[in-house]
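Here is how the chains run, residue by residue.
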2 protein chains.
Amino acid sequence: MIQVPHLTFDMDTPGVSTGHLVVPGGADCEALLLPLFSLNKGEGPRLLITGGNHGNELQGPIVARRLVDWLPEAQTCGRVIIVPEINPLAVQAWTRNTPIDGKNLNREFPGSADGSVTERIADAVSRLLLPMADTVFDLHSFGPKWDFPPAVVTHPIADSNLMARTLRMAEAFKLPVTLLWEHDDTLGMFDTWAHRQGKLFVCAEFGGGTVGSEALAIYEAGVRNALVALQLVKGNADCPTFRQQKSSRTLQTLLSDALKSPSRGIFEPRCSSLDEVKQGDVIGVLHPMDSLSAGSIKICAATTSIVCAIRSGAHVELNEGVAILARPLDDERRAHFDLEYQKVPE
Amino acid sequence: MIQVPHLTFDMDTPGVSTGHLVVPGGADCEALLLPLFSLNKGEGPRLLITGGNHGNELQGPIVARRLVDWLPEAQTCGRVIIVPEINPLAVQAWTRNTPIDGKNLNREFPGSADGSVTERIADAVSRLLLPMADTVFDLHSFGPKWDFPPAVVTHPIADSNLMARTLRMAEAFKLPVTLLWEHDDTLGMFDTWAHRQGKLFVCAEFGGGTVGSEALAIYEAGVRNALVALQLVKGNADCPTFRQQKSSRTLQTLLSDALKSPSRGIFEPRCSSLDEVKQGDVIGVLHPMDSLSAGSIKICAATTSIVCAIRSGAHVELNEGVAILARPLDDERRAHFDLEYQKVPE
């Protein structure tokens, strides 16, 4: 008998209420109980905040958990649902994918009630949480293997109006980078599924590498800015200070801007994220460590660009991604988005 | 038939020569060929430099590989043997331990010729490389899960004179931190085995977290300083710039200075490495994520101290280490080491 996902409490209860989202058990593991915080202040925007979609990106669960401490006091209207860890199995294992079935939760939406555990999580989130929200903040990071700035990311969205509104929402975080990222692996993403339902979906990418205290404060400030923009809390939005600067810019990157490893070996980064580079500048060096004769190979920028993401020094396979270059959002695209945005009544 | 570890070339060849250290195959895997660089400029100090002892600490292999580019020109005397990856299986898997047998190479010295692959690597290094050196630099880092400064570490050594000489050698790196670290898990360490042979063994701990370009330059400068101190290369030693400062200090930490997680959950760091804290200051917060009722738990400093290492935001189990506090080396110990050091003719 297939059990169905359910909530252990009534989320319509006014004020703060807590309980679990129950993901039914199956042949591979027992039922999962995901702690959930419901902040219900009546009419207004309906926001879902999720962390721990990928288990080695701990920035999201920590920021989500911190929100629970102050948001109930600060929220003036609307509803916020916070699930700090939507994939606790992966978080506990510190792995991107769920260890039990090896699946990437962010490629399994909308999931399946009778699938393996990752599919069942996606199904429970899709069926019970997504319908309760108009806007979703899914809190990711680039994980421990990358140097990446505090950013909010959106992939191109076919619906021009939703694209324009999503970019505007992403920029409301006022993080150092908002990135419009062309990507060819979007099937089954939580983003893609939420967009199909016409939801505003913002994917935060809260840096990469070490999850440190200063960076966490920046990420939390970004979420607060977005809550202010949604009018869920009162206050002023302000760019957080990052590397002694308060700035925020929108970048774009194409599939062809991803640099790949030219060989198997150890990648040595020669740049940091947000470095500006010119054609021919060395981004990193690939050391083929198995060989005594193969020399080290320089990996260079093809054009003037900004290093958006750069791989941590690590063993990489041939054609593995080692850097993502970017450039400022072009004026034509910006004008197009602005026009689309104005078509929607506020 | 047990095969024996061997070298594919004659390391006594003058100048630069390259070849492999062959670790014999066994029931668990085929023979391993570890690329090895021998820099032989005749009489003088004999130094062995190893990286990749732990496979998720890539700073060592990168710095070792970079040395191969400039040291042959710069070296004026003596012999340097460089093995960038002594455990390539772990490096390729980005794991601390060897994936095939699950063993920690740095707890398997002196190894065993008929043991599993990790034991065979330790045996090959102990038998063929260690005897050729008077001094060993084993290049580690704190790995991706920690915020840790560029440092050289030594555990207390029973032989007072070797202790004093080791500390002096460690300080010659002029990295921001030299750490005298009381530790209760030293059996089978490469350090311990080398000390038994009366060798000077320096364990570099090249930071933690993301392996980035700026940090790598600091680590390489540290190794160059040590090579200058050994008189293998000419030049001046200079503290590398770290966080806008050129400084170097020696700290000590006791077993009781290690902070453990008070519960299972997500650790949120509230400090950065090298922050100075007073009694009662919050080092981090433990969020028990499984529970709706258990509140977050503050983890505080017991006394005035310096945060030497702090765990990245991560899921931790009960009693898992989350921070290491330290304080400056006390004057009495310093005076004792200075006295011991003077007993040895230069």
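Residues numbered from 1 in each chain as written. Chains lettered and ligands numbered in written order. Predicted model: local features only at pLDDT ≥ 70, side-chain atom pairs only at ≥ 80, totals over all residues. Heavy atoms only, no water.

Peer 1: Any details on the packing of aromatic side chains? Residues and values, ideally.
Peer 2: Residue and element names in this part refer to chain A. Summed over all chains, the structure comprises 15 aromatic pairs over all chains. Measuring from centroid to centroid gives 4.8 Å for Phe 206 and Tyr 219, while their planes differ by 10°, and the two rings are stacked. Placement of Phe 206 in strand β10 (residues 200-206) and of Tyr 219 in helix α6 (residues 213-229) is noted, with a sequence separation of 13 residues between them. Taken together, the aromatic side chains of Phe 142, Trp 146, Phe 148 and Trp 181 make up a single cluster linked through ring pairs. Lying across the ring of Trp 70, Arg 224 places its NZ or CZ 4.1 Å from the centre. (Phe/Tyr/Trp six-rings, centres within 6.5 Å; stacked < 30°, edge-to-face > 60°. Helix = DSSP H or I, 4+ residues; strand = E, 2+ residues; numbered from the N terminus. Lys NZ or Arg CZ within 6 Å of the ring centre and 35° of its normal.)

Peer 1: I'd like to hear about the sheet that holds strand β18 (residues 314-316) of chain B, residue by residue, with values.
Peer 2: Residues and elements named next belong to chain B. The strand order β16-β15-β13-β18 describes an open sheet built from four strands, whose pairing is antiparallel. Two strands lie at the open edges of the sheet, namely β16 (297-300) and β18, each paired on one side alone. The average angle at which neighbouring strand axes cross in this sheet is 35°, direction not considered. Pairing analysis gives four bridges linking strand β15 (residues 282-287) to β16, with the strands arranged antiparallel. (Pairing = 2+ DSSP bridges. Axes fitted to C-alpha atoms, helices over the stretch in contact; angles between N-to-C directions.)

Peer 1: Just give me the short version of the packing of helix α4 (residues 160-171) of chain A against helix α7 (residues 331-342) of chain A, but keep the residues and values in it.
Peer 2: Residue and element names in this part refer to chain A. Where α4 meets α7, the axes come as close as 8 Å, and the angle between the chain directions of the two elements is 100°. Judged by the inter-axis angle, α4 sits roughly perpendicular to α7. Judged by residue contacts, Ser 160, Asn 161, Met 163, Ala 164, Arg 165, Leu 167, Arg 168 and Glu 171 of α4 engage Arg 334, His 336, Phe 337, Asp 338, Glu 340 and Tyr 341 from α7. In the contact of α4 with α7, the residues fall into five nonpolar, three polar and six charged. (Parallel < 35°, antiparallel > 145°, perpendicular 65-115°, else oblique. Contact = heavy atoms within 4.5 Å. Nonpolar A, V, L, I, M, F, W, Y, C, P; charged D, E, K, R; others polar.)

Peer 1: Pulling in residues and values, what's your account of the layout of surface pockets?
Peer 2: Residue and element names in this part refer to chain A. A volume near 1,000 Å³ is recorded for the second largest pocket. As for the second largest pocket, its lining consists of 46 residues, and the residues nearest its centre are Arg 96, Phe 142, Trp 146, Trp 181 and His 183. Secondary structure elements with two or more residues in the lining of the second largest pocket: β10, β12 (258-260) and β19 (321-328). By residue number, the principal contributor to the lining of the second largest pocket is β19, which donates four residues. Among the residues forming the lining of the second largest pocket, the class breakdown is 18 nonpolar, 13 polar and 15 charged. (1 Å grid on protein atoms, 1.4 Å probe; cavity = no way out; pocket = protein on both sides within 12 Å on 5 of 7 lines; lining within 4 Å. Points joined across faces, edges and corners; volume = space filled by probe spheres on them.)

Peer 1: Outline the environment of Trp146(B), supporting the account with residue identities and numerical values.
Peer 2: Position of Trp146(B) among the secondary structure elements: in strand β7 (residues 146-147). According to the relative accessible area criterion, Trp146(B) is buried, its value standing at 15%. Here the alpha-carbon distance between Trp146(B) and Ala309(B), two residues 163 residues apart in the chain, equals 6.7 Å. Each residue touching Trp146(B), except ones within four places of it in the same chain, is listed here: Thr210(A), Gly208(B), Gly209(B), Ala309(B), Ile310(B), Arg311(B), Ser312(B), Gly321(B), Val322(B) and Ala323(B). (Buried < 20%, exposed > 50% of the residue type's maximum accessible area, 1.4 Å probe, protein only.)

Peer 1: Break down the interface of chain B and chain A for me, with residues and values.
Peer 2: Counting from both sides, the interface comprises 46 residues of chain B and, opposite them, 46 residues of chain A. Taking both sides of the interface into account, the surface hidden between chain B and chain A amounts to around 3,700 Å²; carbon and sulfur atoms contribute 60%. Considering only the surface of chain B that becomes buried against chain A, Trp94(B), Met289(B) and Leu292(B) emerge as the three largest contributors, covering 18% of it. Counting every contact that joins chain B to chain A gives two salt bridges. Salt-bridge contacts for Glu268(A) lead to Arg66(B); the nearest nitrogen and oxygen are separated by 2.4 Å. At the boundary of chain B and chain A, one finds twelve residue pairs in polar contact (both at pLDDT 80 or more). For the side of chain B that touches chain A, the secondary structure elements donating two or more residues are β2 (15-23), β3 (32-41), α1 (59-74), α2 (88-93), β7, α6 (213-229), β13 (265-269) and β18 of chain B. (Buried area = accessible area lost by both parts, 1.4 Å probe. Salt bridge = Lys/Arg side-chain N within 4 Å of Asp/Glu carboxyl O. Polar contact = N/O pair within 3.5 Å; in protein donor to acceptor, adjacent residues only side chain to side chain.)

Peer 1: Can you lay out the sheet that holds strand β16 (residues 297-300) of chain A for me, pointing to particular residues and giving the numbers?
Peer 2: Note: strands within a sheet are paired through backbone hydrogen bonds, in either parallel or antiparallel orientation. Residues and elements named next belong to chain A. Pairing is antiparallel in the open sheet, where four strands are placed in the order β16-β15-β13-β18. One side of each edge strand has no neighbouring strand; the edge strands of this open sheet are β16 and β18 (314-316). Neighbour-to-neighbour, the strand axes of this sheet turn through a mean angle of 35°, independent of strand direction.

Peer 1: Please provide a residue-by-residue account of the relation of the copies chain B and chain A, values included.
Peer 2: When chain B is brought onto chain A, the operation consists of a screw motion whose angular component is 180° and whose axial shift is 0.0 Å, with 0.0 Å RMSD remaining. The relationship between the two copies is best expressed as a two-fold rotation axis. The overlap is high: 100% of the interface residues of chain B also sit at the interface in chain A, so the same surface is used on both sides. (Least-squares fit on C-alpha atoms with pLDDT ≥ 70 in both.)

Peer 1: Can you lay out the side chain of Glu205(B) for me, pointing to particular residues and giving the numbers?
Peer 2: Structurally, Glu205(B) is set in strand β10 (residues 200-206). One buried charge, Glu205(B), has no salt-bridge partner; the nearest side chain with opposite charge is Arg96(B), at 7.1 Å. (Lys, Arg positive; Asp, Glu negative; His and termini not counted.)

Peer 1: For the pairing of strand β2 (residues 15-23) of chain A, give the residues involved together with the corresponding values.
Peer 2: Residues and elements named next belong to chain A. The pairing of strand β1 (residues 6-7) with β2 spans two bridges and is classified as antiparallel. When the sheet's bridge partners are listed, His 6 is paired in β2 with Val 22. In terms of strand pairing, β2 meets strand β3 (residues 32-41) through nine bridges, oriented antiparallel. Counted as the bridge partner of Thr 18 is Phe 37 from β3.

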